[in-house]
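Here's the letter readout for the chains.
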Amino acid sequence: MENIIDKWSFGVIAGPCSIEAYEPLYATALELKKRGIKMLRGGAYKLRTSVHSFRGLGDAGIHHLSKVGKDLGLITVSECTQIDKVEFMAQNIDILVVGTRNMHNYPLLERLGKIGAPVILKRGIASTYDEWLAAAEYIMESGNERVILCERGIRTFEPETRYTLDISAISVMKKKSGLPVIIDPSHAAGSRYLVPSLALAAVAAGADGLMIECQINPCESICDASQTIEPEMLSRIMECVPHLQQEYLKILS
Ligand code: PEP
Ligand code: MN
């Protein structure tokens, strides 16, 4: 567990968009663990566009995720949306996430720079590479160098997909920052049928990891059901990873 966090090596983070209750989270996590997943995601504080949408279980969700992680020996990953939750989350969750809507929340970034836990910094939906890098520097200059960048799609003129996955971001940001760059194909796609191709394209382009929304009954997800995949599909994606990584390394050498 320490190794994965201290020296990031290729990793797949999977789990539901939002934590809905303890039992379904445990059932999904168990299935994911059987399929070789070591990092479990789940959101507790959801920043929804509509105030009428499910906005997560809050602190109770974090307690559920922490317990499932401990019970199954999984690394836990969850989004921190506000400064006054940083300490509580750092005590209970292994890797904290800054979501796309908070990439420019500099006080939050500075506060996350004061903790020891790694931070996944998602790219703002309309942020340039340099703005994204500057946001990462807010965390690192505050004392936390364990930053992992996550490309999750940017807003373009194309309405067919939820966002547009920027594959160039992988090589450009690895070169500019020296930080690991992972890909979230789920939020870029918005539809589950697109998730495998985006995930595999990312691996072939040198991504250092994937964060994918996955649960045992994807269609029943309260949040982001349309882009959530089944564990079986996740396994098929993971089977292709070693070969694509080898091909990528061959091209580099
Ligand atoms: C999420 O990962 O559940 C999420 C809300 O992502 P993003 O911040 O990229 O929209
Ligand atoms: Mn989601």
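As shown above, the structure is provided for reference.
Read on for a plain summary of the structure. (Residues numbered from 1 in each chain as written. Chains lettered and ligands numbered in written order. Predicted model: local features only at pLDDT ≥ 70, side-chain atom pairs only at ≥ 80, totals over all residues. Heavy atoms only, no water.)

**Points about the layout of surface pockets**
So, point 1. Each pocket or cavity is described by its volume, and for the largest pocket that value is around 340 Å³.
So, point 2. Contributing to the lining of the largest pocket are 22 residues, with Cys17, Lys46, Glu79, Arg101 and His187 lying nearest its centre.
So, point 3. Tallying contributions element by element places strand S3 (residues 75-79) first for the lining of the largest pocket, with three residues.
So, point 4. A class-by-class count of the residues in the lining of the largest pocket yields six nonpolar, seven polar and nine charged. (1 Å grid on protein atoms, 1.4 Å probe; cavity = no way out; pocket = protein on both sides within 12 Å on 5 of 7 lines; lining within 4 Å. Points joined across faces, edges and corners; volume = space filled by probe spheres on them. Helix = DSSP H or I, 4+ residues; strand = E, 2+ residues; numbered from the N terminus. Nonpolar A, V, L, I, M, F, W, Y, C, P; charged D, E, K, R; others polar.)

**What to know about the coordination of the manganese ion (ligand 2)**
So, point 1. At this site the manganese ion (ligand 2) is bound by Cys17 (SG), His187 (NE2), Glu213 (OE) and Asp224 (OD), with donor distances of 2.0 to 2.4 Å.
So, point 2. Written as a sequence motif, the donor residues of the manganese ion (ligand 2) are C-x169-H-x25-E-x10-D. Here Cys17 is found in the loop between strand S1 (11-15) and helix H2 (22-34), whereas its partner Asp224 is found in the loop between strand S8 (209-213) and helix H10 (231-252), with 207 residues between them in sequence. (Donors = N, O, S within 2.8 Å, 3.2 Å for Na, K, Ca; no water.)

**Looking at empty space enclosed by the protein**
So, point 1. For the structure shown, the criterion picks out one cavity of 30 Å³ or more.
So, point 2. Forming the walls of the largest cavity are Pro16, Ser18, Ile19, Glu20, Ala21, Pro24, Leu25, Thr28 and Gln215.
So, point 3. Across the lining of the largest cavity, the residue classes tally to five nonpolar, three polar and one charged.

**Some points on the site of ligand 1**
So, point 1. Taken together, Cys17, Arg41, Lys46, Glu79, Gly99, Thr100, Arg101, Lys122, Arg152, His187 and Glu213 are the residues near ligand 1.
So, point 2. Residue Arg101 places a side-chain N or O atom 3.2 Å away from an oxygen atom belonging to ligand 1.
So, point 3. Lys122 is positioned such that a nitrogen or oxygen atom in its side chain is 2.8 Å from an oxygen atom of ligand 1.
So, point 4. Relative to its unbound accessible surface of 300 Å², ligand 1 loses 92% to contact with the protein. (Near = heavy atom within 4 Å. Polar contact = N/O pair within 3.5 Å; in protein donor to acceptor, adjacent residues only side chain to side chain. Areas by Shrake-Rupley, 256 points an atom, 1.4 Å probe, with all protein chains shown as cover.)

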